[in-house]
Amino acid sequence: MPILSASVGLTRYRVVEEVPDSLIREIPELLSKFAFKDIDHTAEERSFGWVNFDDMLDDKWSVSPPEKGQYFTFSLRLDTRRIQPAVLKKHLQIALNHEMAEAKKEGKNFISRDRKREIKDQVTLKLRARSLPIPAVFDVVWNVPENRLYLATTNAKIMDMFEEYFDNTFQLNLEPLTPFFLAMDKLGEEAVQKLESLDPTIFVG
Amino acid sequence: MDLLLLAERENTLIGQDFLTWLWFKSEIVNGMFETADGEKFMLYLEHRISVQGGDGENVDTATVSAASGNMSEALQGLKTGKKVTRAQIKMEIDENLWQTQVKAEDFTFSGLKTPKVEMKTEEGDDPDGKFLEKIYLIEKCIALFDAVFLEFIKLRISPEWKDEVSKFRSWLRSIEE
């Protein structure tokens, strides 16, 4: 989801570790190294990686650099091939009918479970190769001096994928600024014990 | 206890206490808040609120979305011990308006709308100008939200929280009449 759109979903993070200057300088290079790889001409089910914030087709940052002011900007692009269950069902049925006809010629009256699974895999692969991957883009803004990071989604699956891929790319751990972590961040270490031992408030009485 | 499990319990507890308190607080101060630097702003809950009570398999949720501003069903929920799990929040400084929906358990913002950023490009414009303006407005929204959260969390861990809860109860009773 583009951050520049009129209505945006947003998840906030902070980087747990200290980010050394040498790593900050390396960000553009690491983004290229872990850039999105196109799967249009393959049968891969999905692919994800970083692309230019200004152009999801730009995986080399030739349109613009990731730096904007004090921010680093990039996007997580995820392409997924989806086969409609009804389409799979139909083509699986065709393949199984064909297999059964062949089996009958050899005097057999059944298809083994293993063979069925094999046929399903083949059909899935064939259909995947014929379907176009659906692209999705989730913007990332990293305010390095303030140690804040924004991901333009509230989808838990995308959040997990992003956190893991960020860690793979930069070797840095992200902490989502959920109420407990935000409270710790605001109040500092000395408040941790108090925060950990809170009882839920009973507002009626 | 495992840190993640603990965080999950604390997130829900702090998040729900915060949004529930925020409803009361924004009503009694007429939406007037202030940042640590003394910047004044308005923050109030909009006419879309979810309240939830019970636990495990017995979770009851009531979501009210009332253009008329009639929140009686959600208030009824509060009176039976439910807490706010999701709220639409509006913030204002002069004519600038922000709007977002906040989820108690993780503080993710959905449908975040900032004051309008002019998207037309004119010759000589800084190509990053729009982005910088937009991100400034997003961070502003977060800063306002955080200012109120900080006020809450300081109070929440202090001995004064008890008094605050008493005030909350009087407020809730006063709406009844």
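Residues numbered from 1 in each chain as written. Chains lettered and ligands numbered in written order. Predicted model: local features only at pLDDT ≥ 70, side-chain atom pairs only at ≥ 80, totals over all residues. Heavy atoms only, no water.

J.: Just checking my understanding: could you explain the packing of helix 2 (residues 85-105) of chain A against helix 3 (residues 113-130) of chain A for this structure?
T.: Each pair of packed helices can be described by the angle between their axes along with the distance between the axes. Residue and element names in this part refer to chain A. One way to put it is that helix 2 packs onto helix 3 with a least axis distance of 10 Å and a crossing angle of 130°. Taken together, helix 2 and helix 3 sit at an angle that is classed as oblique. Remark: the crossing between helix 2 and helix 3 carries right-handed chirality. Only Arg115, Lys116, Ile119, Lys120, Val123, Thr124 and Leu127 of helix 3 make contact with helix 2, whose side of the interface consists of Val87, Leu88, His91, Leu92, Ala95, Leu96 and Glu99. Classifying every residue of the contact of helix 2 with helix 3 gives 8 nonpolar, 2 polar and 4 charged. (Axes fitted to C-alpha atoms, helices over the stretch in contact; angles between N-to-C directions. Helix = DSSP H or I, 4+ residues; strand = E, 2+ residues; numbered from the N terminus. Parallel < 35°, antiparallel > 145°, perpendicular 65-115°, else oblique. Left-handed = near helix turned anticlockwise from the far one by under 90°. Contact = heavy atoms within 4.5 Å. Nonpolar A, V, L, I, M, F, W, Y, C, P; charged D, E, K, R; others polar.)

J.: Looking at this structure, I do not really get helix 5 (residues 179-187) of chain A. What am I missing?
T.: In an α-helix there are 3.6 residues to a turn, and that puts residues three or four apart on one side. Counting buried residues in helix 5 of chain A gives 7 out of 9 residues, a clear majority hidden from the surface. Residues Pro179, Phe180, Phe181, Leu182, Ala183, Met184 and Leu187 of chain A constitute the buried set of helix 5 of chain A. Those residues of helix 5 of chain A hidden inside the fold are in contact with strand 1 (8-15), strand 7 (174-176) and helix 6 (192-196) of chain A together with helix 1 (3-28) and helix 3 (129-156) of chain B. Just downstream of helix 5 of chain A lies Gly188 of chain A, where phi reads positive at about 85°. (Buried < 20%, exposed > 50% of the residue type's maximum accessible area, 1.4 Å probe, protein only.)

J.: I tried to follow the nonpolar core on my own but got confused; where do I start?
T.: A general trend in soluble globular proteins is that nonpolar side chains are found buried together. Ranked by internal contacts, the top residues of the largest apolar core, which has 74 residues, are Leu195 of chain A together with Phe18, Leu22 and Trp23 of chain B. Once residues lying within four places of it in the same chain are set aside, the contact partners of Leu22 of chain B are Phe33, Leu43, Leu45, Ile89 and Val148 of chain B. (Core = buried A, V, L, I, M, F, W, Y, C linked by side-chain atoms within 4.5 Å.)

J.: It is not clear to me how the pairing of strand 6 (residues 109-113) of chain B should be interpreted in this structure. Could you clarify?
T.: Looking down a regular strand, the side chains alternate between one sheet face and the other. Bridge analysis of strand 1 of chain A against strand 6 of chain B gives 2 bridges, and the strand direction is antiparallel. Bridged to Leu10 of chain A within strand 6 of chain B is Phe109 of chain B. Sheet topology places strand 5 (residues 96-103) of chain B next to strand 6 of chain B; 3 bridges connect them, and they run antiparallel. The partner of Gln99 of chain B across the bridge, within strand 6 of chain B, is Lys113 of chain B. Linking two consecutive strands that pair antiparallel, namely strand 5 of chain B and strand 6 of chain B, is a turn of 5 residues; a positive phi of about 55° is found at Phe107 of chain B within it. (Pairing = 2+ DSSP bridges.)

J.: Explanation requested: the pattern of salt bridges in the structure shown.
T.: Close approach of charged atoms allows side chains with opposite charge to pair. In the structure shown here, the tally under the stated rule is 23 salt bridges over all chains. The residue Asp59 of chain A makes a salt bridge to Lys60 of chain A at a minimum N-O spacing of 3.3 Å. In this structure, the salt-bridge partner of Glu102 of chain A is Lys105 of chain A, at a minimum N-O distance of 3.3 Å. One end of the pair is Glu102 of chain A and the other is Lys105 of chain A, both in helix 2 and 3 residues apart, which spans about a single turn. Using a relative accessible area of 32% as the deciding quantity, one classes Glu102 of chain A as partly exposed. A network of salt bridges, in which partner residues are shared, links Arg12 and Lys186 of chain A together with Asp146 of chain B. (Salt bridge = Lys/Arg side-chain N within 4 Å of Asp/Glu carboxyl O.)

J.: Please clarify how the interface of chain A and chain B should be interpreted in this entry.
T.: By a widespread convention, an interface's size corresponds to the accessible area lost as its parts come together. Taken together, the contact pairs 42 residues of chain A with 50 residues of chain B. Taken over both partners, the interface formed by chain A and chain B buries close to 4000 Å², and the fraction arising from carbon and sulfur atoms is 67%. Summed over the three residues of chain A that lose the most area to chain B, namely Pro179, Leu198 and Phe203 of chain A, the buried surface amounts to 19% of that side. At the surface where chain A touches chain B, the tally comes to 3 salt bridges. Across the salt bridge formed by Arg12 of chain A and Asp146 of chain B, the nearest N and O atoms sit 2.8 Å from each other. Linking chain A with chain B are 20 residue pairs in polar contact (both at pLDDT 80 or more). Contributions of two or more residues to the side of chain A that touches chain B are made by strand 1, strand 3 (67-68), strand 4 (71-80), strand 5 (134-143), helix 5 and helix 6 of chain A. Here the side of chain A that touches chain B takes 7 residues from helix 5 of chain A, the largest share from any one element. Its residues placed into classes, the side of chain A that touches chain B shows 24 nonpolar, 11 polar and 7 charged. (Buried area = accessible area lost by both parts, 1.4 Å probe. Polar contact = N/O pair within 3.5 Å; in protein donor to acceptor, adjacent residues only side chain to side chain.)

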